[in-house]
Amino acid sequence: MIVDWLFALHTGVMMKKNNFNPPTPVESYFLQRSKLQFRYDPDEKIPVVQVNNFPSLGQLTTLRFLEWVQTHPDGVVSLPTGKTPEYFIRYVEHYLSKWEQTETQTFMEQVGINQSVKPKLKNLQFVQIDEFFPIPPSQHNSFYDYVMKYYIHGFGINLDRAQLIDATTINYPLGKTFQEIFPDLVVDLSLRFSQPKSGLGRLQKEAIERVDEYCTDYERRIREKGGIGFFLGGIGPDGHIAFNVRGSDYFSTTRLTPTNFETQAAAAADLGGIEVSQKRLVITIGLQTITYNPDATCLIFAAGEAKAKIVAAAVQEPAANIHPAGALHSMPNARFYITSGAAVFLDRREVQAMNDSPVVSENLVDQHMITLAMRTGKAIQKITEEMVAEEVVPATALARSNNTLTEIKERIFEKLKAKLNRGLERVEDDVFFHTAPHHDDIMLGYLAHIVHLVRNPRNEHHFAYMTSGFNAVTNEFVKDQIQNALDYMTTDQYGRLKQERYFDADYAMGAQRDIYTYLDGIAGHSKVHKDKGSSRRLIRNLLILYPDQDLDTLPAKMKELLAYLDSRYPGQKDDPLMQKVKGRIREWEADLVWANYGTPIENVHHLRLGFYKGDIFTEEPTVDRDVQPILEYMEKIKPTVVTLALDPEASGPDTHYKVMQAVVAAIRLYKEKHPEAPLRVWGYRNVWFKFQPTDANIFVPVSVNSMAIMEDTFRQCFRSQVDAPFPSHEYNGPFSRLAQAIQVQQHQDMKRVMGRDFWYSHEHPRIRAARGLVYLKEMELDEFYTRARELQKVTESQV
């Protein structure tokens, strides 16, 4: 390929087979533990070290980093920002602080690190990988701030030896700041190639030219150092390395550049919403910057099934611009460090895992056959021996199975029918404790099932939201809500309610009336009524949060809040009281959702667990602070079914994992006290995680009508989320549409696997009407504990 020749011309390294240096002692230690090969040639174009879970990934990257630093104490390093480095940072600080302890010394000897030489980070030369533009470095959501906090101050790297990206140091024309030149913080790169007519346009064009010069100088300084010696980075949803998005030139250098939607969606949480991230450019080192030093250690780490497809493309596909990681395929010391979840589409690893296993489970065999049916578009009954033999994974699964292909196909078909039947079963005499990390998780996960469950009055439903969810509410939305409430406080109706003492804390029915007013607005297509309900609830909440205020003084306080919000930059961490204001808005939205289905307000619980504080790395749950509130509600309602968002690998939103651990602990304590109490667990997933068909054991048919209910409920009740300020990288729109797309795809998959005639000719009308499927996983407690226990052990060990 021409890419191969050009890359060789630049690096002096030909892209040839077995180009990679052998594994280091640390890598060998983890390879031995995994019992997997370093690289499966020719399928894998780059070596891979695989670990079981997210914390182990941090441990692996830490040990390799320390191993490298021992022999390069003044080397040039580029380290990542974001959430993925959490355990990397924690393990580095842990091992260095406890280096002299016997336990650490023994472990270092086991992994092949020279324990007599404590790594010193002070003299490393740090190179910042990327930064948003324009953004002041003083903002807590700038990457500059992250680097200063965790690497310069946290690791103790000498600031004088750090090369950081600070756009405020650029010599802009006329001595102006970038805020003065770009007053709306929008940079139009087309000015590079145009002749602006306005004075401001000419000023902006010159400013862009000076930023470009800054980038060129940044690149030159890196090369004067000999290039980057140790690069650790994540991989984005589009495959980006640094901010080199899909399609980036392998010969790209440090530059000012736009990003794509996937990258903007991933950055939305950092910058305060997609509207902000879509307007921001980035300064990023290029792919050639990373590969300039041919001896550089280049590590890409990734965790979770959400990254599995992009990892598979980066590792297994030939180098091409659509796969930025392909630029590393000829680096002798380049590696991918990944979790088992991120490795699920690396076929040769799956084959070895099956061959090494004493027994290959029926479930795993079925999974690979179902995947083959979905890939080929053939019904499972029409899969032939020849089709299986063409693909190595299903062929291995069949060879390791104790059953014939005919028996396997029949078993799969019957199991899938049984799962559908469970989704149709009438459920009654149960007390449901529906739990969620965030306020829209339950409805996005399995509203189509709840719609049927709530129709039976013999069931009792309680909804518990574990966090206050304030991070999902933008400043602009809060300002709109406060202004609406101020306007409402000038109306005659408000005056009458004030006289009735409607807002008094001891008027219990008031909160329920807020909801009924809003629901009347939905029913009557009246925005005025909906705004009335929202304003009443906001006033009520502000009186609770600010007990020194009354209805006469509250308007002045609300204007203070507006001024506060105007003073904040998007994404800035709020003070605790504003976090509570935003959290109460999310709680109000959840109250509205379940009021649609007759759930009284006292059955919707807002636990506001204390570990959720809006920091980039959330705290671990504690028993007294986080588990006890869950346990108290369980003692009160005596549930027979507990539902939860099931994230077994702690990737993606880590709130999911930490909530799961708190719920696990509460269930265990509850069962210790009530060993005979009937209790089962339903795991659900929504827009962040998806079940394999073999993972779930309840398939709930979803009709077009049920989809319309979810869409309308989301849009009417979750008004703070309608404009999708923090979207998934998979869909540029509200989460309700993405959830529907997932359900539709799951139905399409099963329609292929089971054959369309099964669906179109089925005797049950809900099957015939189905255009989507919801997957649920019911677990007995022993299985549930096992799923959570292994990750918990690793998380709590040593760090």
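Residues numbered from 1 in each chain as written. Predicted model: local features only at pLDDT ≥ 70, side-chain atom pairs only at ≥ 80, totals over all residues. Heavy atoms only, no water.

Peer 1: What is the right way to look at the overall build of the protein chain in this model?
Peer 2: Along its length, the protein chain carries 31 helices and 17 strands. For 799 residues, the compact-globule estimate of 2.2 N^0.38 gives 28 Å, and the C-alpha radius of gyration of the protein chain, at 28 Å, lies within 12% of that figure. Within the protein chain, the proportion of its 799 residues that are buried is 60%. Split by element, the accessible area of the protein chain, about 32,400 Å² in all, is 50% carbon and sulfur. The protein chain carries 91 positive and 101 negative side-chain charges, and their two centres are separated by 2 Å. (Helix = DSSP H or I, 4+ residues; strand = E, 2+ residues; numbered from the N terminus. Rg over C-alpha atoms; globule rule 2.2 N^0.38 Å. Buried < 20%, exposed > 50% of the residue type's maximum accessible area, 1.4 Å probe, protein only. Areas by Shrake-Rupley, 256 points an atom, 1.4 Å probe, with all protein chains shown as cover. Lys, Arg positive; Asp, Glu negative; His and termini not counted. Charge placed at Lys NZ, Arg CZ, Asp CG, Glu CD.)

Peer 1: Looking at this model, I keep getting lost on helix H22 (residues 527-545). Mind explaining?
Peer 2: Its 19 residues give H22 an end-to-end C-alpha distance of 26 Å, which sits within 8% of 27 Å, the value for a rise of 1.5 Å per residue. The buried fraction of H22 amounts to 15 of the 19 residues, a majority that puts the element mostly inside the structure. (Expected span 1.5 Å × (residues − 1).)

Peer 1: Sorry, what's going on with the nonpolar core here?
Peer 2: Soluble globular proteins: nonpolar side chains tend toward being buried together. The biggest cluster of nonpolar side chains holds 67 residues, and the ones touching the most others in it are Met369, Ile630, Met634, Ile667, Met750 and Trp759. For this core, the element with the highest residue contribution is helix H26 (residues 654-673), accounting for 10 residues. Excluding anything up to four places from it in sequence, Trp759 contacts Leu420, His747, Met750, Lys751, Met754, Ile767, Arg768, Ala770 and Leu773. (Core = buried A, V, L, I, M, F, W, Y, C linked by side-chain atoms within 4.5 Å. Contact = heavy atoms within 4.5 Å.)

Peer 1: Could you clarify how one ought to interpret the sheet that holds strand E17 (residues 770-779) in this entry?
Peer 2: Across a sheet, strands are paired by hydrogen bonds formed along the backbone, either parallel or antiparallel in direction. Here we have seven strands laid out as an open sheet, ordered E13-E12-E11-E14-E15-E17-E16, and mixed in their pairing. Each edge of the open sheet is held by one strand with a lone partner, namely strand E13 (604-606) and strand E16 (698-703). Taken over all neighbouring pairs, the strand axes of this sheet differ in orientation by 25 degrees on average, direction set aside. Two elements, strand E15 (residues 680-684) and E17, share four bridges in a ladder whose sense is antiparallel. What sits directly across from Trp682, in E17, is Glu778. Against the sheet, helix H18 (residues 441-453) makes contact with strand E11 (431-436), strand E12 (460-465), strand E14 (641-645), E15, E16 and E17, and its axis sits at roughly 160 degrees relative to E11, the strand it touches most. Strands E12 and E13 of the sheet are contacted by helix H24 (residues 576-595), whose axis makes an angle of about 165 degrees with E13. (Pairing = 2+ DSSP bridges. Axes fitted to C-alpha atoms, helices over the stretch in contact; angles between N-to-C directions.)

Peer 1: Is there a simple way to think about unusual backbone geometry in this case?
Peer 2: Note: most residues except glycine have negative phi, and most peptide bonds are trans. Note that the residue after Asp41, namely Pro42, is joined by a cis bond; omega there is 10 degrees. Mapping Pro42 onto the fold places it in the loop between helix H2 (25-34) and strand E1 (48-51). That bond from Phe133 to Pro134 is cis: its omega, -5 degrees, falls within 30 degrees of zero. Along the chain, the position of Pro134 falls in the loop between strand E4 (130-133) and helix H6 (143-153). Positive phi is not limited to glycine here, since Ala242 has a value of about 55 degrees.

Peer 1: Would you explain the layout of surface pockets in this entry?
Peer 2: In this approach the atoms are scanned with a rolling probe the size of a water molecule, which exposes any empty space left behind. By volume, the second largest pocket is sized at about 350 Å³. Taken together, 17 residues form the lining of the second largest pocket, with Asp591, Ile601, Val604, His606 and Arg608 sitting closest to its centre. Across the lining of the second largest pocket, the residue classes break down as six nonpolar, three polar and eight charged. (1 Å grid on protein atoms, 1.4 Å probe; cavity = no way out; pocket = protein on both sides within 12 Å on 5 of 7 lines; lining within 4 Å. Points joined across faces, edges and corners; volume = space filled by probe spheres on them. Nonpolar A, V, L, I, M, F, W, Y, C, P; charged D, E, K, R; others polar.)

Peer 1: How do you make sense of the confidence of the model for the protein chain when you look at a structure like this?
Peer 2: Close inspection of predicted coordinates is inappropriate in any region flagged by low pLDDT. Taken as a whole, the protein chain shows an average pLDDT of 93; of its residues, 95% reach a score of 70 or greater. Segment residues 1-17: pLDDT under 50, and 31 contacts once partners within four positions in sequence are set aside and those in other chains are kept. Low confidence marks residues 793-799, where pLDDT is under 50. Its contacts with residues over four positions away, or in another chain, come to 16 contacts. (pLDDT = per-residue confidence, 0-100.)

Peer 1: Teacher, can you tell me more about the pattern of salt bridges here?
Peer 2: When the charged atoms of two side chains lie near each other, side chains of opposite charge can form a pair. One pass over the full model with this rule turns up 55 salt bridges. Taking the shortest distance from any N to any O, the salt bridge between Asp504 and Arg501 comes out at 2.6 Å. Asp504 sits in the partly exposed class, given a relative accessible area of 22%. Arg501 gets classed as exposed once you look at its relative accessible area, which sits at 55%. Here Lys613 makes a salt bridge to Glu619, at a shortest N to O gap of 2.9 Å. When salt bridges with common partners are traced through the structure, they connect Glu86, Arg90, Glu620 and Lys658 into a single cluster. (Salt bridge = Lys/Arg side-chain N within 4 Å of Asp/Glu carboxyl O.)

Peer 1: Hey, could you run me through the packing of helix H14 (residues 362-376) against helix H17 (residues 405-424) in this one?
Peer 2: In a packed pair of helices, the relevant descriptors are the angle between the two axes and the axis-to-axis distance. Across the interface, H14 lies against H17 with an axial gap of 10 Å and an inter-helix angle of 90 degrees. As far as their axial angle goes, H17 and H14 are roughly perpendicular. Across from Glu362, Val365, Asp366, Met369 and Ile370 in H14, the residues of H17 making contact are Leu405, Ile408, Arg411, Ile412, Lys415 and Leu416. A breakdown of the residues in the contact of H14 with H17 according to their chemical character gives seven nonpolar, no polar and four charged. (Parallel < 35°, antiparallel > 145°, perpendicular 65-115°, else oblique.)

Peer 1: Looking at this structure, I do not really get the packing of aromatic side chains. What am I missing?
Peer 2: The way to describe two aromatic rings as a pair is by their centre distance and the angle between their planes. Counted according to the given criterion, the structure contains 38 aromatic pairs. Measuring from ring centre to ring centre gives 6.0 Å for Phe88 and Phe155, while their planes differ by 65 degrees; the resulting arrangement is edge-to-face. Of the two residues, Phe88 sits in helix H4 (residues 86-97) while Phe155 sits in the loop between H6 and strand E5 (162-163), which places them 67 residues apart along the sequence. One exposure class covers both Phe88 and Phe155, and it is buried. (Phe/Tyr/Trp six-rings, centres within 6.5 Å; stacked < 30°, edge-to-face > 60°.)

Peer 1: Help me understand the sheet that holds E4 in this model?
Peer 2: If you walk across this open sheet you meet the three strands as E4-E8-E7, and the pairing is antiparallel. Every interior strand has two partners, whereas the edge strands, E4 and strand E7 (255-257), have only one. For this sheet the average axis-to-axis angle between neighbouring strands, irrespective of direction, equals 25 degrees. Note that E4 and strand E8 (residues 281-284) share four bridges and pair antiparallel. Note on E8: the bridge partner recorded for Phe132 is Val282.

Peer 1: Please clarify how helix H3 (residues 54-71) should be interpreted in this entry.
Peer 2: Three- or four-residue spacings in an α-helix give side chains the same orientation, since the helix completes a turn every 3.6 residues. With 18 residues, H3 extends 27 Å from end C-alpha to end C-alpha; this agrees with the ideal 26 Å at 1.5 Å per step. In terms of burial, H3 is largely enclosed, as 17 of its 18 residues are buried.

Peer 1: How do you make sense of a nonpolar patch on the surface when you look at a structure like this?
Peer 2: Taken together, the side chains of Tyr507, Met509 and Tyr516 define a hydrophobic patch exposed on the protein surface, amounting to about 280 Å² of accessible area. Within the secondary structure layout, Met509 lies in helix H21 (residues 509-523). On the basis of relative accessibility, which here comes to 39%, the residue Met509 falls in the partly exposed class. (Patch = residues over 30% accessible without salt bridge, like charges linked within 9 Å, V, L, I, M, F, W, Y side chains within 5 Å.)

Peer 1: What's the story with the packing of helix H25 (residues 623-637) against H26 in this structure? I'm lost.
Peer 2: Their axes nearest at 8 Å, the elements H25 and H26 cross at an angle of 50 degrees. Classified by the interaxial angle, the pair formed by H25 and H26 is oblique. With respect to the hand of their crossing, H25 and H26 are arranged in right-handed fashion. Along the contact surface, H25 presents Asp626, Val627, Ile630, Leu631, Met634 and Glu635, while H26 presents Ala662, Val663, Ala665, Ala666, Ile667, Leu669, Tyr670 and Lys673. Per-class residue counts for the contact of H25 with H26 are 11 nonpolar, no polar and three charged. (Left-handed = near helix turned anticlockwise from the far one by under 90°.)

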